[in-house]
Amino acid sequence: MFTLRTVTTLLFGCYCIAISAQLTASTTVHAAQQQQHSSPHDDSASAVAAFTTNEIEKSAHQRGEEEEAAANANEEQTKQRTLQQRPTRPPISQQPPRNDDCNGAAPILPASLPYQNRGTTVLSTPDFAETSCGALASANGVWYSFTPAASTIYSASVDTGQGLRVYSGPCDDVACVSQFATSHNFVGVAGVEYQFLVSKRSESPGTPFAFFLVEANATPFPTRSPVESPSGMPSGMSSGVPSGSASPTESGAPSG
């Protein structure tokens, strides 16, 4: 038989079990409701975070592209400015001959005699500030240079109406040896530098010509008619010694 205490104890146990089950069920429902209410908020926050990240990445990429485009534009502008500032060289057909200046004189080697060269005075420039060696300061011409290996008589000449002047010494201190003429016979001294200037007597538009240099005792080129010098004397043989009557510019050097 169950006593009253036993029955009371059993009832109390059953009551505790029921209360515990009810509390567990209530906790579960509350947790589910709380999860249900919190999930939309968490999804929204995740979506906002993802959108923000994408926008940041797109903005950074766009800035990178804009910076690259700006750098390329600056580089192109720099190239254009450089090209605009760079001096434009005239076409070769509009430039003076290479031997327009005494320092650029066409060299004649002793071994190349008899020497013949076709040149031009077209686009050549004047070389002296005043009358020099029988030609006016305005005379424009081109230069040849020759240093004899042996002392002997040499013959220099040009054709097509050009004239020729013979100087001795380096370009910065030339002295007249034989005045303006179409042909010259002069005593060339071994080791002495001679300069030949082909030109008209005064300024001219220039023309092609042929220049000749040969030892006088060698087979000559065709004879050239001499042009009278300013004194009225035809050109003849020169001693190869600079003449004191015909000096270049005050400094003794070509201006070009």
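What you see is a predicted model, and the numbers here were worked out from it, not measured in a lab.

## A short note on the packing of aromatic side chains
Step number 1: Under the criterion given, the structure shown has twelve aromatic pairs.
Step number 2: With centroids separated by 5.8 Å and ring planes inclined at 35°, the aromatic side chains of Trp 143 and Tyr 167 adopt a geometry described as tilted. Remark: Tyr 167 occurs in strand β5 (residues 163-168) and Trp 143 occurs in strand β3 (residues 141-146); sequence separation between them is 24 residues. Comparing Trp 143 with Tyr 167 shows no difference in burial state: the two are buried.
Step number 3: Of the aromatic side chains, those joined through ring pairs into one cluster are Tyr 115, Tyr 144, Phe 146, Tyr 154, Phe 186, Tyr 194, Phe 196, Phe 209 and Phe 211.

## As for the state of the cysteines
Step number 1: If you walk through the whole model with that rule in mind, you get two disulfides.
Step number 2: Across a sulfur-sulfur distance of 2.1 Å, Cys 102 and Cys 171 are joined as a disulfide pair. An S-S torsion of about -80° defines the bridge between Cys 102 and Cys 171 as left-handed. Here the residue Cys 102 occupies a position in the loop between α1 (4-85) and β1 (106-108), and Cys 171 occupies one in the loop between β5 and β6 (175-181), the gap between them amounting to 69 residues. The same class applies to Cys 102 as to Cys 171, namely buried.
Step number 3: Paired by a disulfide, Cys 133 and Cys 176 hold their sulfur atoms 1.8 Å apart.

Calculation notes
Starting from 1, residues in each chain are numbered consecutively following that chain's sequence as written. Only residues with pLDDT of at least 70 are given local features in this predicted model, and only at 80 or more are side-chain atom pairs given and counted; all residues enter the totals for whole chains, interfaces and linings. Excluded from the side-chain calculations are hydrogens and water; all other atoms, namely the structure's heavy atoms, are used. Each pair of aromatic rings taken from Phe, Tyr and Trp, with Trp reduced to its six-membered ring, is defined by centres within 6.5 Å and is described as stacked if the planes are under 30 degrees apart, edge-to-face if over 60, and tilted in the remaining cases. Secondary structure elements follow DSSP: runs of H or I of four or more residues count as helices, runs of E of two or more count as strands, with numbering from the N terminus. Here's how the labels work: a residue is buried when its accessible area is under 20% of the maximum for its type, exposed when over 50%, partly exposed in between, all with a 1.4 Å probe on protein chains only. The criterion for a disulfide is a pair of cysteine sulfur atoms lying within 2.5 Å.

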